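Chain by chain, the residues run as shown.
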There are 2 protein chains.
Amino acid sequence: MNIVLIGAGNVATHLGSALIASGHKILQLYSRTEESATALSELLNVTRTTSVDEILTDADLYVVSVKDSVLDEFLPRLVSRNKEALWVHTSGTIPMQIWESTSALRYGVLYPMQTFSKHKPVDFQQIPLFVESNNPSDTELLMSLASSLSRNVHEASSEQRRALHIAAVFVCNFTNAMYAAAARLLENNGLSFETMLPLIDETAAKVHSLSPHEAQTGPAVRNDHNVMAKHLQMLDCYPAEKEIYERISQMIYENRLR
Amino acid sequence: MNIVLIGAGNVATHLGSALIASGHKILQLYSRTEESATALSELLNVTRTTSVDEILTDADLYVVSVKDSVLDEFLPRLVSRNKEALWVHTSGTIPMQIWESTSALRYGVLYPMQTFSKHKPVDFQQIPLFVESNNPSDTELLMSLASSLSRNVHEASSEQRRALHIAAVFVCNFTNAMYAAAARLLENNGLSFETMLPLIDETAAKVHSLSPHEAQTGPAVRNDHNVMAKHLQMLDCYPAEKEIYERISQMIYENRLR
């Protein structure tokens, strides 16, 4: 497949690298700013442009991986470059129907569910990819493309994808926020965050063999008011963490008997 | 060392098994209820009692691993069995000074920082152990005992241990609560929690090489109001999750520039 990649953020970087590693041809990279266009085009060794009017018109597939907030305005301009090709975006949140406001005839979604940081390599073969399109043959085509990138490929409707994305925010972004809160507490007490790594790893490993509900431990699920009161007292000088401690403990307690 | 183990919960179970595996001798197990005393004494192949008055008086070390909330009342009764031996509790929250209200002469803490579930084996050698005592020679003795159980042994003051315990609640109990919230959302949308495992593993793996602050991704740190508004709308029928979504997102945003 001849592909034009639109965007140069974390998702575009990792997806672009995976496409090339799997033998696909990226004809061109578009990014709004010269700086990010240059950086990623050099990494991928492909030509680049920062002008929509220079986006190549002869690709089979256009992969749009830019901030959700600009899609509404940006997609119609992009699609005017090639209405016959297959267009996909990579967002977890944006429904496939966003393409209906463009002149694209064939469109869909290719959503990689992973946390990407620019400088941290990932094993793309492990990453769950969720695919959707507006016609069966392009769904098949996207499933086949996705299967060349990952061993973990699924079809998902726009509504399912939105649920997946919220779930991903909880297990990834919010989990990392729990790590960050712990790191701040430890730092202020002269302790190293590294001591937490075995516990972090075991907490992640546990839900491979137990459901999160079965795996829940700690003062909240035991309803241990003594411990929680002592913790809340120590969190007096951390108002955000204190409120989050109370609210999550309550959620754990309310769900203990499900 | 000849040891009496007091308690038969998750910590006592894993610590008892690790003590025996490392060649220590558990003389006796005490538990309040016949049922749990029997179960653990059979697992460890040691004698048991459910009566404080039958606790052996000739051990070198008494390890007390019971609910924090009963310690105040329970410790003085226990210590009356042997005032000369070394007494430790295993709690993250309870300061060492709790022993001052007993007649124990030598006392301290042996705190294993890990999430224990009865039926999930753990590699005790990886578990961080934090040690404190009321005199240097017993600190040394406990450090040496701890080092026979784990490669990850530290001294920590009572105040540091409390910070460690709160941090552990965040990275373990609250992280698992994030997993559980995701599992509920996915289940209600016909999706399997298993699809989250690569993301969960990568989120944990990331903080081995990046600080949690550097590793933070997602709509909150990008201040992406479009995505967050869509997520909050979808969470309308999950009031607890919705409030937690808002509060954690705010904490992530407030800490983005630290």
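The structure presented is a predicted model; accordingly, all values stated were derived computationally and were not measured.

Here is what the cut-offs are and how they apply
Every residue gets a number counted from 1 within its own chain, in the order that chain's sequence is written. Following the order in which they are written, the chains are lettered starting with A and the ligands numbered starting with 1. Totals for whole chains, interfaces and linings use every residue, but because this is a predicted model, local features are given only for residues with pLDDT of at least 70 and side-chain atom pairs only at 80 or more, for both listing and counting. Water and hydrogen atoms were dropped before computing side-chain values, which therefore reflect all heavy atoms in the structure. Under the scheme used here, helices are H or I runs from DSSP no shorter than 4 residues and strands are E runs no shorter than 2 residues, and both carry numbers assigned from the N terminus. Here's how the labels work: a residue is buried when its accessible area is under 20% of the maximum for its type, exposed when over 50%, partly exposed in between, all with a 1.4 Å probe on protein chains only. We define a polar contact as two N or O atoms separated by no more than 3.5 Å, with the added condition that, inside protein, one atom must be a possible hydrogen donor and the other a possible acceptor, whereas residues neighbouring each other in sequence contribute only through side-chain atom pairs. Contacts between residues were defined by any pair of non-hydrogen atoms, one from each residue, lying within 4.5 Å. Two strands qualify as a pair provided DSSP detects at least 2 bridges between them. Angular values range over 0 to 180 degrees, each being the angle between N-to-C directions of two axes fitted as lines to C-alpha atoms, with helices fitted over their stretch in contact. Looking at any residue, its pLDDT shows the predictor's confidence there, from 0 to 100.

**Student:** Please explain the side chain of Asp-138 of chain B as it appears in this structure.
**Tutor:** Residue and element names in this part refer to chain B. Along the chain, Asp-138 falls in helix 4 (residues 136-149). The exposure class of Asp-138 is buried, given its relative accessible area of 3%. Here the side chain of Asp-138 touches Arg-106 through a polar contact of 2.9 Å, side chain to side chain. Excluding its chain neighbours within four sequence positions, the residues that come into contact with Asp-138 are Leu-86, Arg-106 and Ser-133.

**Student:** Quick question: what am I supposed to make of the sheet that holds strand 8 (residues 153-155) of chain B here?
**Tutor:** Strand pairing in a sheet relies on backbone hydrogen bonds. The paired strands run either parallel or antiparallel. Residues and elements named next belong to chain B. Here we have eight strands laid out as an open sheet, ordered 3-2-1-4-5-6-7-8, and mixed in their pairing. The sheet is open, and its two borders are formed by strand 3 (47-49) and strand 8, each paired with just one other strand. Going across the sheet, the axis of each strand differs from the next one's by a mean of 25°, ignoring polarity. Of the strands in this sheet, strand 1 (2-6), strand 2 (25-30), strand 4 (61-64) and strand 5 (86-89) touch helix 3 (residues 68-79), which is tilted by about 160° from strand 4.

**Student:** Mind showing me how you'd approach the confidence of the model for chain A here?
**Tutor:** For residues with low pLDDT, the predicted coordinates do not support detailed interpretation. Of the residues in chain A, 100% reach a pLDDT of 70 or more, and the chain-wide mean stands at 95. Predicted complex, confidence summary: ipTM 0.85, pTM 0.85.

**Student:** I would appreciate a short explanation of the side chain of His-89 of chain A in the present structure.
**Tutor:** Residues and elements named next belong to chain A. One can find His-89 in strand 5 (residues 86-89). Taking the relative accessible area as the measure of exposure, His-89 reaches 0% and is therefore buried. A polar atom in the side chain of His-89 sits 3.0 Å from the backbone nitrogen of Ser-91. Among residues more than four places away in sequence, those in contact with His-89 are Val-64, Ile-94, Pro-95, Ile-98, Trp-99, Gly-108, Val-109, Leu-110 and Arg-161.

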